[in-house]
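# Observations on chain architecture
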Amino acid sequence: MGKEQILEMLDQRQFKELKTELENVHPVDIAELMEELEEKQRILVFRLLQKDEAAEVFTEMNSEMRQALLSGLTDSEIKEFMDEMYLDDAVDVLEEMPANVVERLLMATDEETRAQMNALLNYPEDSAGSIMNVEYIAFRKEMTVEDAILKIRQVGINRETIYTCYVTEQRKLIGVVTVKDLLTTGDNHTIEEIMETNMQYVHTHDDQEKVAGLISKYSLIAIPVVDNDMRMVGIVTVDDAMDVMEEEATEDMSMMMGIAPNEDSYFQTSVWEHAKSRFPWLLFLMLSATLSGLALDHFDYVVAVMPILNSFVPMLTGTGGNCGSQSSTLIIRGLATNEIEFRDVFRVLFKEARVALVVSIMLAIVNGVRIMIMYGHSYENAPLLAVVLGLTLVCTVLLSKTIGCTLPLIAKKCGLDPALMAAPLITTLVDTGTILLYFTIATRFFKI
């Protein structure tokens, strides 16, 4: 169903037919379609949606569209779809809204729901508690399978997931049971007989990235969240984990490119905000590049004697920066997936050193052939120049690989985001080191 079809049905006031058509469209697709409509048209379409579908569509909208839509809805209409939203989704919406809109949304909920939302909002940002859902199914261990299935039928409609259920005793988590276990076990068996006691769980203040990592590692549909006394307070579902992974990947990508992370989309972010997020790193890198300039100034007498040496500086610094960026990217990825730990630093160094030797020797040979082809007939010291450049390439690649793999590990050990130690910073450090290596080797070989 496309924008033109919706507009045509709205113009012809075919509201009943449009409502029927929308029932067959996924909420995500409806949210995308509504982005292309004008504000009045969005409100009309939103009012045609069933309450549960409207709640899902509202969850999928961006912050700007939500605010515009809310301004055209009555308090009773807001209450209808807020009642259908899962608590964790509602909290996510509230976190993105300005204070006046948050107040209106909270007033549209009952006192109990409002208290639960406020409790979730009070958890530290990026913690398991801030993204968990308090709507889950819990059994007592003495319940029979028949009783458990009956409970799922009674309350399951209001729970985000029913495929994984939890067993509690005086609110403390003691086990987990799946719907598959229930359906493949006799009705008279007790929950205690079939529950799994060796389960994964997280605490309310655990980092959300750790939570997402556990869900991914163990292929879980949901993971229980407990407090310090092992009392179960909620669950984090796989869809929330996917959102966390996307958010963390975006944040790491931004930091690796020297941009302050921003939760808004590209087009929603103003020019000033874009500039403000990029300027600090650009300023730092520009000023830090002064080191490279000072290194070149120190060897200006070498360039004066052999001007040809200067023409290879961009090639050497570029190669060094690229090699360092490759290593840092792989290490940052390994740290993010928990494949690499700080204790592996020497294993990483040993492996990267061997990679650097293989790569640098191949680069040196290819570059040597290039030098002889380009300068062999016109420059008498071409063979020696090829040797100098080859040796510099080997040293530069070794240096850049070492810096590229150790800086993220050191950052992780110090409690910093390893993504900080990425391409821009590493390139600046490697540039200075490359220039020092290059001209030091050249002065020794050419006896300048």
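Structural notes, computed from the coordinates.

Rules and cut-offs
Residues numbered from 1 in each chain as written. Predicted model: local features only at pLDDT ≥ 70, side-chain atom pairs only at ≥ 80, totals over all residues. Heavy atoms only, no water. Helix = DSSP H or I, 4+ residues; strand = E, 2+ residues; numbered from the N terminus. Rg over C-alpha atoms; globule rule 2.2 N^0.38 Å. Buried < 20%, exposed > 50% of the residue type's maximum accessible area, 1.4 Å probe, protein only. Contact = heavy atoms within 4.5 Å. Areas by Shrake-Rupley, 256 points an atom, 1.4 Å probe, with all protein chains shown as cover. Lys, Arg positive; Asp, Glu negative; His and termini not counted. Charge placed at Lys NZ, Arg CZ, Asp CG, Glu CD. Salt bridge = Lys/Arg side-chain N within 4 Å of Asp/Glu carboxyl O. Pairing = 2+ DSSP bridges. Right-handed = clockwise from strand over helix to strand, strands pointing away.

Of the regular secondary structure elements, the protein holds 23 helices and six strands. Here the C-alpha atoms of the protein give a radius of gyration of 30 Å, more than 25% beyond the 22 Å that 2.2 N^0.38 yields for 448 residues. Across its three principal axes, the protein shows a C-alpha extent of roughly 90 × 60 × 35 Å. A buried classification covers 45% of the 448 residues belonging to the protein. Across the protein, the fraction of contacts at a sequence separation of at least 24, relative to all contacts at a separation of at least 6, is 68%. Summing over all exposed atoms, the protein offers an accessible surface of approximately 24500 Å²; the carbon and sulfur share of this is 56%. Computing the positive centroid from 36 side-chain charges and the negative centroid from 69, the protein places the two 5 Å apart.

Here we take up the side chain of Thr396. Inspection of the secondary structure puts Thr396 in helix α22 (residues 382–413). Leave out the neighbours within four places in its chain, and Thr396 touches Leu316, Gly320, Thr434 and Leu437.

Following the criterion strictly, the structure yields eight salt bridges and no others. Among the ionic pairs, Asp227 bridges to Arg231, the shortest N-O distance being 3.2 Å. Judged by its relative accessible area of 14%, Asp227 is buried. Residues joined by salt bridges that share partners form a network here, namely Asp227, Asp229 and Arg231.

So, about the pairing of strand β6 (residues 232–237). Where a strand is regular, its side chains alternate between the two sheet faces. For β6, a buried count of six out of six residues is recorded, marking the element as mostly surrounded by other parts of the structure. Here five bridges tie strand β5 (residues 222–226) to β6, and the two strands are oriented antiparallel to one another. If you follow Val225 over to β6, its bridge partner there is Gly234. Hairpin connection of β5 to β6: five residues between the antiparallel strands, including Met230 at a positive phi of 65°.

The subject of this paragraph is the pairing of strand β2 (residues 164–169). Within β2, five of the six residues are buried, leaving the element largely enclosed by the surrounding structure. Note: strand β1 (residues 138–139) against β2, two bridges, orientation parallel. Within β2, the residue paired with Ala138 across the bridge is Tyr166. A crossover links β1 with its parallel partner β2, the connecting element being helix α12 (residues 145–155), and its sense is right-handed. Of the pairings in the sheet, the one linking β2 to strand β3 (residues 172–178) comprises six bridges and is antiparallel in character.

Positive phi outside glycine occurs at Asp126, with the angle close to 70°. Along the chain, Asp126 turns up in the loop between α10 (111–121) and α11 (128–131).

Taken in spatial order, the three strands make up an open sheet running β1-β2-β3, and their pairing is mixed. Whereas interior strands pair on both sides, the edge strands pair on one side only; in this sheet they are β1 and β3.

Another aspect to go through is the sheet that holds β5. Spatially, the three strands line up as an open sheet ordered β4-β5-β6, and their pairing is mixed. Of all the strands in the sheet, the pair left with one neighbour each is β4 (202–203) and β6.

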